[in-house]
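Understanding the architecture of this molecule
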Amino acid sequence: MSLSTHCPLCGADHPEAVYTLGDVPVICNQLWPDAGAARTAPSGNVELVVCPDCAFIWNRAFDPDCMEYAPGYENALHFSPHFQSFAEDLAAGLVERFDLAGKHVFEIGCGDGHMLDLMAANGVATATGFDPSMEGKDTPYTARDGVEIVPEYFRSDQLGRPFDAILCRHVLEHLDAPMSLLQDIRRAIGERDVPVYFEVPNAGWMLDAVSMWDVIYEHVGYWTAPAIIALFRRAGFAPTSVSVGYGGQFLMVEARPTDPEPGYLDPGAPEVLAAARAFGDAATGALASWREKLSGVHGRAVIWGAGSKGITFANALGAAGAPLAAMVDLNTRKHGLLAPGVALPVVAPGELAEIGPDLVLISNALYEAEITGQVRNMGLAPEFAVVTG
Ligand SMILES: [Zn+2]
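Note that the structure is a prediction, hence the values are computed from the model and not measured.

The next point concerns the packing of helix α2 (residues 81-97) against helix α3 (residues 114-121). Orientation of α2 relative to α3, taken along the N-to-C sense of each, is 50°, at an axis distance of 9 Å. In this view, α2 runs oblique relative to α3, as classed from their interaxial angle. Read as a crossing pair, α2 and α3 show a hand that is right-handed. On α3, the residues that touch Q84, A87, E88, L90, A91, L94 and V95 of α2 are H114, M115, L118 and M119.

Here the focus is the coordination of the zinc ion. Within the protein, the zinc ion binds to C7 (SG), C10 (SG), C51 (SG) and C54 (SG); these donor distances fall in the range 2.2 to 2.3 Å. The site at the zinc ion holds 4 donor atoms, and with the angles between them running 100 to 116°, its shape is tetrahedral. The buried category is assigned to C51, whose relative accessible area is 1%.

Further remarks concern the packing of helix α4 (residues 178-189) against helix α6 (residues 225-235). The relative placement of two packed helices is expressed as an angle between their axes plus a distance between the axes. α6 packs onto α4 with a crossing angle of 45° between their chain directions and a minimal axis gap of 9 Å. Our classification of the angle between α4 and α6 gives oblique. Crossing of α4 over α6 shows right-handed handedness. Contact residues: α4 offers P178, M179, L182, Q183 and R186, while α6 offers L231, F232, R234 and A235. Of the residues assigned to the contact of α4 with α6, the class counts are 6 nonpolar, 1 polar and 2 charged.

Helix length check: α4, at 12 residues, gives a terminal C-alpha distance of 17 Å against a target of 16 Å (1.5 Å per residue), a fit within 8%. For α4, every residue scored as buried is listed here: P178, M179, L181, L182, I185, R186 and I189. Projection of α4 onto a plane perpendicular to its axis shows the buried side chains occupying an angular sector of 165°, all on one side. Packing partners of the buried residues in α4 comprise β4 (104-108), β7 (165-169), β8 (196-201), α6, β10 (237-245) and β11 (250-257). With its phi angle positive at about 60°, G190 sits one or two positions after the end of α4.

Domain annotation of the protein chain identifies domain 1 (81-263) and domain 2 (297-386). The straight-line distance from the C-alpha centre of domain 1 to that of domain 2 is 31 Å. Both sides of the domain 1 and domain 2 interface together cover about 920 Å² of buried area, and 59% of this is carbon and sulfur. Interface area lost by domain 1 to domain 2 is led by H82, W213 and Q249, which between them contribute 51%. Connecting domain 1 to domain 2 are 2 salt bridges. Across the salt bridge formed by R333 and D112, the nearest N and O atoms sit 3.7 Å from each other. If you look at where domain 1 meets domain 2, you find 2 residue pairs in polar contact (both at pLDDT 80 or more).

Let us now look at the sheet that holds strand β9 (residues 221-222). Overall, antiparallel pairing links the 4 strands, which are arranged β1-β2-β3-β9 in an open sheet. Here the strands that pair on one side only, and so sit at the sheet edges, are β1 (16-25) and β9. Bridging between strand β3 (residues 57-59) and β9 involves 2 bridges; their strand directions are antiparallel. Bridge pairing in β9 links I57 to Y222.

Of all 5 residues in strand β5 (residues 126-130), 4 are buried; the element is thus mostly enclosed. Relative to β5, β4 runs parallel, the two being bridged by 5 bridges. Residue pairing across strands places V105 opposite A127, the latter belonging to β5. Each parallel crossover has a hand, and the one from β4 via α3 to β5 is right-handed. Relative to strand β6 (residues 147-150), β5 runs parallel, the two being bridged by 4 bridges. Directly across from G129, in β6, lies its bridge partner I149.

Criteria and cut-off values
- Residues numbered from 1 in each chain as written.
- Predicted model: local features only at pLDDT ≥ 70, side-chain atom pairs only at ≥ 80, totals over all residues.
- Heavy atoms only, no water.
- Axes fitted to C-alpha atoms, helices over the stretch in contact; angles between N-to-C directions.
- Helix = DSSP H or I, 4+ residues; strand = E, 2+ residues; numbered from the N terminus.
- Parallel < 35°, antiparallel > 145°, perpendicular 65-115°, else oblique.
- Left-handed = near helix turned anticlockwise from the far one by under 90°.
- Contact = heavy atoms within 4.5 Å.
- Donors = N, O, S within 2.8 Å, 3.2 Å for Na, K, Ca; no water.
- Tetrahedral: all angles 85-135°; square planar, octahedral: opposite > 155°, others 65-115°.
- Buried < 20%, exposed > 50% of the residue type's maximum accessible area, 1.4 Å probe, protein only.
- Nonpolar A, V, L, I, M, F, W, Y, C, P; charged D, E, K, R; others polar.
- Expected span 1.5 Å × (residues − 1).
- Arc of directions from axis to C-beta.
- Domains from an automatic or database assignment.
- Buried area = accessible area lost by both parts, 1.4 Å probe.
- Salt bridge = Lys/Arg side-chain N within 4 Å of Asp/Glu carboxyl O.
- Polar contact = N/O pair within 3.5 Å; in protein donor to acceptor, adjacent residues only side chain to side chain.
- Pairing = 2+ DSSP bridges.
- Right-handed = clockwise from strand over helix to strand, strands pointing away.

Dropping the structure here:
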């Protein structure tokens, strides 16, 4: 079955168009060492569609062959104190609720191992992560006893090692065949009662907030509660908790193995379908408004936050983004590099005084207070605007 014609969750063959964005960077979080390379970074199209049956939302123009999570992929959020406390609470809660002290935990798509380290700090015996983007990379998070990163794509045959829980955070939205991963894990668990924890960007929040900058090429799937519940039920997992966190932006599922329900459709699906249709109309209008606002800036503008949201926003502005001079980010690993497509340099906050921006665009509302305070402490008085939809 093809993504362009069939729903990757339920297999229905009548997707409905939602929203289109042309020529976006294929990998937002891949920064580049020079302007030429940044401008010619691979790009692709987004054609967001929704399945009227199960309410799964996906990019039908996604080409999995474009994606390769190689070294250079930079997706870590834990430089923010806000995210740090979210992750610490999550690790402590999972060890307690899943009774994992002295036991063995797997994480699929572990990144630099931040969560593995937190799990070990909370008493698990071993925490093993899988992530191909960690090949040849150093990380401070594997120093504790029992923490290991395997720099490879996860395969279910690796589940031959002992495991008492499986974590998978911010991976599902990258997969063009999400059901295969769930079914693989389910098979490997067999008759045992092994809990799983999955975390994804909350597309329900994205739809309601019209946060169209969360629509990026890297994400083939956009998960709402009804869709992810259908995925778990169909694959043979009973959700024990479905909740949102991190300001509503993350969707979190805790589940335990049970018998699969291959035809399961969630009763919440029609509401998501309506929200997806409204989102498409609103996003198109909001993009026009932002272009108009930037066209009215006569000095310089910067975007605070060189993550996927800020980079998508900068690229979507097109010619209207001319006043943009730089992107500001706390992550020192990004400094001196350039964003794909628009080729904006990523700088440290300390360089803002020299730039003297008239407008600071904040790419995540959660950090508005942190950022405005920091900028004013430098003696600057720009206009601030939060890049919502
Ligand atoms: Zn479907």
